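# Overview (structure and organization)
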Amino acid sequence: MFGYGFGISDVRVTLADGSEVDCLQKIYPIGRHIAAGFAGSVVIGFAMLDELRRLCSFDDPRLAVNPTEVAEQWPSCAHRIFDLASDEDKADLCHLMLIMVNPQVDGGNPGWRRSHVQIFKSPEFAVEEIPVHKLGSIGSGISYPPCKAAIDSFGDLNRRNILMQGEVGTQGGMGSMLGSDLTRILKRVQPQGVSAHLHYCWVYRGQTIIRANNHAEKGRWTI
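Residue indices follow the written sequence of each chain, beginning from 1 at its first position. At least 70 in pLDDT is required for a residue's local features to be given in this predicted model, at least 80 for side-chain atom pairs to be given and counted, and no such filter applies to totals for whole chains, interfaces and linings, which use all residues. Side-chain measures here rest on the full set of heavy atoms in the structure, leaving out hydrogens and waters.

### Observations regarding the pairing of strand 7 (residues 113–121)
The two faces of a sheet get side chains in turn, since along a regular strand they alternate between them. Rule in force here: Accessibility here uses a 1.4 Å probe with only protein chains present; expressed as a share of the type maximum, an area under 20% marks a residue as buried, one over 50% as exposed, and anything in between as partly exposed. Counting from the N terminus, the helices are the DSSP runs of H or I reaching at least four residues and the strands are the DSSP runs of E reaching at least two. Pairing between two strands requires that DSSP report at least two bridges joining them.
Burial of strand 7 is extensive: 7 of the 9 residues sit out of reach of the surface. Across 9 bridges, the pairing between strand 6 (residues 94–106) and strand 7 is antiparallel. Note on strand 7: the bridge partner recorded for His95 is Lys121. The sheet contact formed by strand 7 and strand 8 (residues 128–130) spans 3 bridges and is antiparallel.

Right, here's the structure in full:
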């Protein structure tokens, strides 16, 4: 609603022996107007990011991806990459979340552009378009009740009004407040498979920003 799309990702991976390590960035800039996050197989996830960069990152600043065309054309590309993976990697699945801004479509206020969030899940990779003012999620955090409750609370108008106050004097503050809420929940309950160390990603017209939530126990992270 403020001219940007916003994503949050943790850094935890589960190894073959069942152990968990907080070590992996899962959300990345793809171009000036697009970012992508993944869950599931790390091998397939990075292969997907490489192909997205090849298709959606342009040297010419006058060019940008059309989110509608991405929704139509990306599933077949994702299918091709997934089919080339090993059976072991396929068993880990692959979920993708694309966060985009269409620089040519007005978002409802002067200077703000229409943001899009699209989710693609193996094996079909059918597009799921997240409506404006709504949140979507991928990966293991979907099924964890406290995390899901924090996401679902965004649908409450009073709760959303509180988060909107974060934009006063701080561009992107609404996203930061939502990330802080999830950080507190994750630090308190420490669910299996989900880390409290997070990356926040803002996608604006012509700019993608990724920052960490800077935990005292890990020191200051820089991206």
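### Concerning the sheet that holds strand 7
What counts, and what does not: Comment: axis = line fitted to C-alpha atoms, over the contacting stretch for helices; angle = value between 0 and 180 degrees taken between N-to-C directions.
Reading across the sheet, the 5 strands line up as 4-5-6-7-8 and stay open at both edges, with antiparallel pairing between neighbours. A single partner strand is all that each edge strand has here, and the edge strands are strand 4 (27–31) and strand 8. Between one strand and the next, the sheet's axes are offset by a mean angle of 25°, whatever the strand orientation.

### Let's talk about the nonpolar core
The line we're drawing: Residues grouped as a nonpolar core are buried Ala, Val, Leu, Ile, Met, Phe, Trp, Tyr and Cys residues, joined through side-chain atoms within 4.5 Å. Contacts are assigned to residue pairs that have any heavy atoms within 4.5 Å of one another.
Counting residues in each nonpolar core, the largest one holds 26 residues, and the members touching the most others are Ile30, Met48, Leu49, Leu52, Trp74, Leu96 and Leu98. Breaking this core down by element, the ones donating at least two residues are strand 4, strand 5 (34–40), helix 1 (42–56), helix 2 (67–84) and strand 6. Non-local contacts of Met48, meaning those with residues more than four positions away in its chain, are made with Trp74, Ala78, Ile81, Phe82, Cys94, Leu96 and Phe125. Residues Ile185, Leu186, Tyr200 and Ile209 belong to the second largest nonpolar core, which totals 19 residues.

### Points about the sheet that holds strand 1 (residues 5–10)
Pairing is antiparallel across the open sheet formed by 3 strands, whose spatial order is 1-9-10. If you trace the sheet from one side to the other, it starts and ends with strand 1 and strand 10 (207–212), each paired once. Averaged over all neighbouring strand pairs, the angle between strand axes comes to 15°, with direction disregarded. For strand 1 and strand 9 (residues 198–204), the ladder comprises 6 bridges, and the chain directions are antiparallel. By the bridge assignment, Asp10 is partnered in strand 9 with Leu198. Along the sheet, helix 6 (residues 173–189) makes contact with strand 1 and strand 9, crossing strand 9 at roughly 165°.

### Quick look at helix 2
Note the cut-off: Here the expected length of a helix is defined as 1.5 Å per residue gap, with one fewer gap than residues. Bend is the name given here to the angle between axes fitted to two runs of seven residues, the run ending at a residue and the run starting at it.
Taking 1.5 Å of rise per residue, 18 residues should cover 26 Å, and helix 2 covers 25 Å from first to last C-alpha, within 8% of that figure. The sharpest bend along helix 2 comes to roughly 40°, located at Gln73, with the proline Pro75 sitting one to four residues further on. Buried within helix 2 we find Pro67, Val70, Ala71, Trp74, Pro75, Cys77, Ala78, Ile81 and Phe82. Check the buried side of helix 2 and you find it contacts helix 1, helix 3 (87–91), strand 6 and strand 7.

### Overview of the packing of helix 1 against helix 2
To keep things clear, this is the line we draw: Should an angle fall under 35 degrees it is taken as roughly parallel, and over 145 as roughly antiparallel, whereas 65 to 115 is taken as roughly perpendicular and any remaining angle as oblique. Should the near helix be turned counterclockwise from the far one by less than a right angle, the crossing is left-handed, whereas a clockwise turn marks it as right-handed. The classification used treats Ala, Val, Leu, Ile, Met, Phe, Trp, Tyr, Cys and Pro as nonpolar, Asp, Glu, Lys and Arg as charged, and all other residues, Gly among them, as polar.
Interaxial distance between helix 1 and helix 2 falls to 10 Å at its minimum, and their mutual angle equals 140°. Between helix 1 and helix 2, the interaxial angle falls into the category oblique. Viewed along their axes, helix 1 and helix 2 form a crossing whose handedness is right-handed. Residue-level contacts link Ile44, Ala47, Met48, Glu51, Leu52 and Leu55 of helix 1 to Trp74, Cys77, Ala78, Arg80, Ile81 and Phe82 of helix 2. When grouped by side-chain class, the residues that make up the contact of helix 1 with helix 2 number 10 nonpolar, no polar and 2 charged.

That is the geometry; function is a separate question.
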